[in-house]
Amino acid sequence: MTWQEVQQLADYSFQSCSGEADEVIRRADRLCRNEFLFDRRWDMEPTQGSVVFDGPIRWDHMETGDTEWPVMLARQSYLYDVALAYLLTEQPRYLNCFLRIVTEFIENCPFCTDPDCHSWRTLDAGIRATVWVRCLAWLRPLDVLPETFLASVRGSLAQHFTYLYGCMDHYHLLSNWGVLANTGAVFAGVWLAENDEPGVQEKIPVLLDRLACQAEMQILRDGMQWEQSPMYHHEVLWCFLELILLAGEKHLALPPSIPRKAHAMCRATLYEAKPNFHQPMRGDSDDTDVRDVLTLGAFLFDDPLLRSGAYALPDLENLWRFGMQGALHYASLPAGAPPKRGHAFRHSGNYCFRAGSGPQAAWVHFHCGPLGSGHGHADLLHLDVTACGVDILTDTGRLTYVDDSRRTGLKAPAAHNTFVIDGEDFTDCCASWRFGAIAKPIKGEFHEDARYGYVSGMHLGYAHRGLFVRREVVFLKPGVLVVFDSFFGSGAHTCRQTFHFGPGQTALTADGATFSQNGVHARIQSFASGARLTLDPQPYAPLYNLSKQTACLTVSSGFRDGGGILTVIGFAQEADFTARKLPVTRAIEGTQLPDGDAQALEICCGQNRWTVLFSRQEIVGKVNLLCAGGCRGYGEAIVFDRSGHPTVLSW
């Protein structure tokens, strides 16, 4: 990169993404004051308050008892801000800040693998090496870095490389840590090899083969990273995308599995994203915009589908990745039609419905899949609902990794839109990174068309009680959900369902609750028999370290010898629905079936009227039909439209 190219990019930056450029400069000014606040979009553990060092940086500083604070300090992703601020403004103070921070780390934070040292974990050392090399790629060609500084950096990167190259084990093979560590080793190795460091060049193919193995092992066939957290899915994806970019620049021979898996991960990001292109807060994840990921993916893969979810023009950091020619190429890429239907991630057990298009679309997410790693939560059969740009039902987030009741509470079933039986958690979140008993999910069926959606799932979390539980969800597009929670077993039991609303105004009703935010309304109506309903504030953390509260509707009821609970959720234009329960009969005999065998509802909203019927048991031993509200059909989940025409969603 020449100074002429820098000036072209700087001018373009202030034209096309001036807000981002101003924000980068603001963050860089903060760093020049030795003030640290971790608030970049993809900071893994962002903070809400600043720490100012009077004198040299204390790399072992611990804030609020959270070991993630020194970890974030040591990763040094904030160096992108001072490097970019220098390129944007050519003001020497930003370059001097960059030089000072790197030098202070090298001189004052020597290599250490003691468990109490939080600056040299493999994950963080890998991130730091990648950051340094990317910044050096911007700055070194401009001939502004002192030779003494470069010599010091070379020695430290050699130490990083040796350490990261030697860290491969079973844990690193399967964990996101291994991908970030090996990516850092590749970046360090390529830079060192270019600077004639002996014994490095021949090890780079070994690192790339490791990463290929990690890609095959960690990325499921549906494109999801196995740890059940979009946050760490994207941390791994960023590594793969950066490697593809590096390989193109440095003519590295990447194993084909890396770009193949990265492309699948980008598609998964698009298909799971909410209508506002934020990732769901599943597992240990924040409410984060993913359009910069999709922008880089669209650029690397020339993919019109990814382009449909990406920025119209490159965001600031991607602009400086692409360069001017790359930015012009990106602007010429055609955008395909965005997804108008949902998607079944059948291997990870994540399922999405969509109704409509654009940021006002309705989006429903259902989870019934493996726990993943310690970043997974006890969220089996959890349901998210977003419509008209408003989160109506939501995951409550992660808040902290500090091992206390806040951490385990937000990982527990009660922090999710699911249910527990007899007051017992189906998965035991007993510590920050540790579980006791873990419920096994049983994935069900998925169907979606222009009018309806259906998904189901079970788990074995109560098998030791002789009890099996299932949730079925029917989506009557564009804005009514019918949830049927059913139980198979004997004896008397209790069920506690929880529904966590997003930020907004809520009120308890006789049979549910109402919700309103920014003119968007929703209502929940429960048909649980003899239920006790409460509406209480509960923790909600859209970002790590950001504690808020939202309302949670809890429905507590009892059942004997199996049974089921119907719940209707109407939102946006369909919030003003009416619903009534209908008797279900056998067509030939005319005998009414008990609730333990089948249940049905009639739902009316405006000109729409639906009858929804669920059959829990194999009750038709010969040719026969099930009848409800003048409609008749055969199946386990059936929707009848206003004319009585049946659509069987599950047989």
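Relevant structure appears above.
Residues numbered from 1 in each chain as written. Predicted model: local features only at pLDDT ≥ 70, side-chain atom pairs only at ≥ 80, totals over all residues. Heavy atoms only, no water.

### As for the pattern of salt bridges
Oppositely charged side chains may form a pair once their charged atoms are brought near each other.
Right, on to step 1. In this structure the tally under the stated criterion is 36 salt bridges.
Right, on to step 2. Here Arg 154 ties to Glu 197 by a salt bridge, and the two come within 2.8 Å at their closest N and O atoms. In this pair, Arg 154 is assigned in helix α7 (residues 147-165) and Glu 197 in the loop between α9 (176-194) and α10 (204-218), connecting sequence segments 43 residues apart.
Right, on to step 3. Arg 321 is the salt-bridge partner of Glu 242, the closest N and O atoms lying 2.9 Å from each other. Of this pair, Glu 242 sits in helix α11 (residues 230-250) while Arg 321 sits in helix α15 (residues 316-332), and the two are 79 residues apart along the sequence. (Salt bridge = Lys/Arg side-chain N within 4 Å of Asp/Glu carboxyl O. Helix = DSSP H or I, 4+ residues; strand = E, 2+ residues; numbered from the N terminus.)

### Some points on the nonpolar core
Nonpolar side chains tend to gather and get buried jointly when the protein is soluble and globular.
Right, on to step 1. Ranked by size, the top nonpolar core spans 130 residues in total, and within it Phe 36, Leu 79, Phe 98, Leu 157, Phe 240 and Trp 320 carry the most contacts.
Right, on to step 2. At 13 residues, the largest contribution of residues to this core is made by α11.
Right, on to step 3. Each residue touching Phe 36, except ones within four places of it in the same chain, is listed here: Leu 31, Gly 49, Ser 50, Val 51, Phe 53, Ile 57, Trp 69, Leu 73, Tyr 78 and Ile 101.
Right, on to step 4. Formed by 52 residues, the second largest nonpolar core is a distinct cluster that contains Ala 522, Ala 528, Leu 533 and Ala 551. (Core = buried A, V, L, I, M, F, W, Y, C linked by side-chain atoms within 4.5 Å. Buried < 20%, exposed > 50% of the residue type's maximum accessible area, 1.4 Å probe, protein only. Contact = heavy atoms within 4.5 Å.)

### Considering helix α3 (residues 68-75)
Right, on to step 1. Where burial is concerned, most of α3 is hidden: eight out of the eight residues are buried.
Right, on to step 2. Along α3, the positions that sit buried rather than exposed are Glu 68, Trp 69, Pro 70, Val 71, Met 72, Leu 73, Ala 74 and Arg 75.
Right, on to step 3. Where α3 is buried, its residues touch β1 (35-36), β2 (51-52) and α6 (122-139).

### Quick notes on the sheet that holds strand β20 (residues 546-560)
Right, on to step 1. Spatially, the four strands line up as an open sheet ordered β8-β15-β20-β19, and their pairing is antiparallel. On the outer flanks of this sheet lie β8 (419-421) and β19 (532-543), each paired with one strand and no other. With direction set aside, neighbouring strand axes in the sheet form an average angle of 25°.
Right, on to step 2. Where β19 lies against β20, ten bridges are found, and the strand directions are antiparallel. Bridge pairing in β20 links Asp 536 to Cys 552. (Pairing = 2+ DSSP bridges. Axes fitted to C-alpha atoms, helices over the stretch in contact; angles between N-to-C directions.)

### With respect to the state of the cysteines
Right, on to step 1. All told, the structure shown has zero disulfides when counted by the stated rule.
Right, on to step 2. This cysteine, Cys 135, is not joined by any disulfide, and Cys 97 carries the nearest cysteine sulfur, 11 Å off.
Right, on to step 3. Given a relative accessible area of 0%, Cys 135 falls into the buried group.
Right, on to step 4. You can see Cys 552 has no disulfide; the closest cysteine sulfur is in Cys 495, sitting 13 Å from it. (Disulfide = S-S within 2.5 Å.)

### What to know about the sheet that holds strand β12 (residues 452-459)
Right, on to step 1. Strand order across the open sheet formed by eight strands is β11-β12-β13-β14-β21-β18-β17-β16, with antiparallel pairing between neighbours. Of all the strands in the sheet, just β11 (441-448) and β16 (505-509) have a single pairing partner and so form its edges. Sheet twist, expressed as the mean angle between neighbouring strand axes with direction ignored, is 10°.
Right, on to step 2. Here five bridges tie β16 to strand β17 (residues 512-517), and the two strands are oriented antiparallel to one another. Across the sheet, Thr 506 pairs through a bridge with Phe 515, a residue of β17.

Purely geometric stuff here, so don't read any function into it on its own.
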